[in-house]
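Residues per chain are reported as follows:
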Amino acid sequence: MNNIKWQSFNFPTDVMLEGQVLDVATRLTSFQSNSSLFYSFEIEENRVALYLNSGNLRYPYWNFQPSMNRSISYVKLSSTGLALFNVKYKKIAEIQSNRVHPLSFLALKNDTGNFGLYYYSAEKAKFQASFQALNSTCDLPIACRPYGICTFSNSCSCIQLLSKDDNNEIGSGCSGVVTGGFCDGKQAEIIELDNVSSVLKGVPKMVKISKEGCGNLCLEDCKCASALYFRNASTNVEECYIYGLVLGLKQVDEGTGFSYMIKVPKGSGRNHGKHNNNVKRWVLVLVGVVDGVIILVIVGGFGYWLVKRRRTHTFHSQANAS
């Protein structure tokens, strides 16, 4: 009868074109090069969300929800944005483009995991983003490699440990600090990083728990790689989040109540015996040094320009006087 039985247009991979539809419980996927990690943009019943996936681990890092908890049946890319519809085909919300130009496509980027709406700019003769879910480098799930912290200057600060045998530094490259896990009986300890949080959300959460209790939960679970502790000073609410990997770390303002705890092989924390305070202090100093160096470069460059400008001005004044 010349009807379409199946078409790839209904099953996009990492790009949606204008007019394409995605039903609830479907997703776009985008794979990182030379990595087992991949990103997904998923249509759920009460929201659309971005996920970082690693084996059986899944962590959301951005989401958009319709108001009043309305349920989503499908989404459709129009010329003005990504429209969300209910089961009665009524539009209930829209992620809108920030430009008047009609949209060409939606894309989930494999290098950053960012989700964006794109239009064609005739003036620049290329496609431009008119909306991006994440606008800050440190909000990206892999702004830094594993065991790296994204700082206020959008640079990466690496967590360095000491080898138990020869007291040499390991993990100086911001990758692979801890390998093999802890389910083989390997002894572990916790190092604590103050004023560090994670962009990865939706992990098992425990409330009414102390910082020490949060760290012990991670130590007792051989699959736990790190834990995030949060305490609201005004309400005294305490929360603990457990992670199976160490990614998405970012520096946060002092006094926000966040402490990030990482499980490491026993004895690899700096100055074993007082490793918590020393590692915490070292990380914060390192973060400050990285940002401080950038500030010094900027100030020094401005000072050099100012001195050179004054000398040039003095030279011209003397020349004119002669």
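Residues numbered from 1 in each chain as written. Predicted model: local features only at pLDDT ≥ 70, side-chain atom pairs only at ≥ 80, totals over all residues. Heavy atoms only, no water.

- Under an unreviewed UniProt entry, the name given to the protein chain is Apple domain-containing protein, and the organism recorded is Stylosanthes scabra.

Description of the sheet that holds strand β4 (residues 38–43)
- Pairing is antiparallel in the open sheet, where four strands are placed in the order β3-β4-β5-β6. The sheet terminates laterally at β3 (27–31) and β6 (57–64), the two strands that pair on one side only. Going from strand to strand, the sheet's axes swing by 20 degrees on average, the running direction of each strand aside.
- With six bridges connecting them, β4 and strand β5 (residues 48–54) associate as antiparallel partners. Counted as the bridge partner of F41 is L50 from β5. (Pairing = 2+ DSSP bridges. Helix = DSSP H or I, 4+ residues; strand = E, 2+ residues; numbered from the N terminus. Axes fitted to C-alpha atoms, helices over the stretch in contact; angles between N-to-C directions.)

So, helix α1 (residues 211–220)
- Listed as buried for α1 are C214, G215 and C218. In a view along the axis of α1, the buried residues occupy a sector of 95 degrees, so they form one face of it. In α1, the exposed residues that point more than 90 degrees away from the buried face are E212 and E220.
- Against the buried residues of α1 lie β17 (188–194), β20 (226–232), β21 (237–243) and β23 (258–265). (Buried < 20%, exposed > 50% of the residue type's maximum accessible area, 1.4 Å probe, protein only. Arc of directions from axis to C-beta. Contact = heavy atoms within 4.5 Å.)

Comments concerning the nonpolar core
- Core analysis: the largest hydrophobic core is formed by 50 residues, its most contacted members being F41, W62, F115 and I262.
- The residues contacting W62, other than those within four sequence positions of it, are F41, V48, A49, L50, I95, F115, F131, A133 and L134.
- In this structure, C214, C224, C240 and I242 belong to the second largest nonpolar core, which totals ten residues. (Core = buried A, V, L, I, M, F, W, Y, C linked by side-chain atoms within 4.5 Å.)

Concerning the state of the cysteines
- Counted according to the given criterion, the structure contains five disulfides.
- Each sulfur in the disulfide pair C144 and C156 lies 2.0 Å from the other. Here the S-S torsion is close to -95 degrees, and the disulfide linking C144 with C156 is therefore left-handed. You can see C144 sitting in the loop between β12 (126–132) and β13 (148–150) and its partner C156 sitting in strand β14 (residues 156–158), a full twelve residues away along the chain. (Disulfide = S-S within 2.5 Å.)

Observations concerning empty space enclosed by the protein
- The tally for this structure, following the rule as stated, stands at one cavity of 30 Å³ or more.
- Put simply, the largest cavity is a space of about 40 Å³.
- Lining the largest cavity we find C138, L140, P141, I142, A143, C144, R145, G148, C150, G248 and L249.
- Partitioning the lining of the largest cavity into residue classes produces eight nonpolar, two polar and one charged. (1 Å grid on protein atoms, 1.4 Å probe; cavity = no way out; pocket = protein on both sides within 12 Å on 5 of 7 lines; lining within 4 Å. Points joined across faces, edges and corners; volume = space filled by probe spheres on them. Nonpolar A, V, L, I, M, F, W, Y, C, P; charged D, E, K, R; others polar.)

A short note on the packing of aromatic side chains
- All told, the structure shown has 14 aromatic pairs when counted by the stated rule.
- Between Y39 and Y61, the aromatic rings sit 6.4 Å apart at their centres with planes inclined by 75 degrees, giving edge-to-face as the arrangement. On the criterion of sequence distance, the pair formed by Y39 in strand β4 and Y61 in strand β6 is long-range, its members being 22 residues apart. Across the pair, exposure class does not vary: Y39 and Y61 are buried alike.
- Their ring planes at 70 degrees and their centres at 5.1 Å tell us that F105 and F127 sit as a pair that is edge-to-face. Residue F105 is located in strand β10 (residues 103–108), and its partner F127 is located in strand β12; the two are separated by 22 residues in the primary sequence.
- With a relative accessible area of 44%, F127 lands in the partly exposed category.
- One aromatic cluster is present, formed by F41, W62, F115 and F131 through successive ring pairs.
- In this structure, R58 packs its charged tip against the face of Y51, placed 4.2 Å from the ring centre.
- Taking NZ or CZ as reference, K186 lies 5.6 Å from the ring centre of F182, over its face. (Phe/Tyr/Trp six-rings, centres within 6.5 Å; stacked < 30°, edge-to-face > 60°. Lys NZ or Arg CZ within 6 Å of the ring centre and 35° of its normal.)

Focus on the confidence of the model for the protein chain
- When pLDDT is averaged along the protein chain, the result is 84, and 77% of the positions lie at 70 or above.
- Looking over the protein chain, one finds the lowest element-wise mean pLDDT in strand β16 (residues 169–170), namely 46, and the highest in strand β8 (residues 81–85), namely 98. (pLDDT = per-residue confidence, 0-100.)

Details of the environment of D14
- Here D14 shows up in the segment before β1 (15–17).
- Taking the relative accessible area as the measure of exposure, D14 reaches 29% and is therefore partly exposed.
- Along the backbone, D14 and A107 are 93 residues apart, and their C-alpha atoms lie at a distance of 5.9 Å.

Topic: the side chain of Q20
- Note on placement: Q20 falls in the loop between β1 and β2 (21–23).
- Residue class for Q20 comes out buried when judged on its relative accessible area of 4%.
- Engagement of the side chain of Q20 in a polar contact is seen with the backbone oxygen of F9, the distance being 2.4 Å.
- Leaving out residues up to four positions away in the same chain, Q20 has contacts with F9, P12, V15, V75, K76 and L77. (Polar contact = N/O pair within 3.5 Å; in protein donor to acceptor, adjacent residues only side chain to side chain.)

Here we look at the side chain of E94
- Along the chain, E94 falls in strand β9 (residues 91–96).
- Within the local environment of E94, its side chain forms a polar contact with the side chain of S78, the two groups lying 3.5 Å apart.
- A polar atom in the side chain of E94 sits 2.9 Å from the side chain of T80.
- Setting aside chain neighbours within four positions, we find E94 in contact with F64, S78, T80, G81, L82 and A83.

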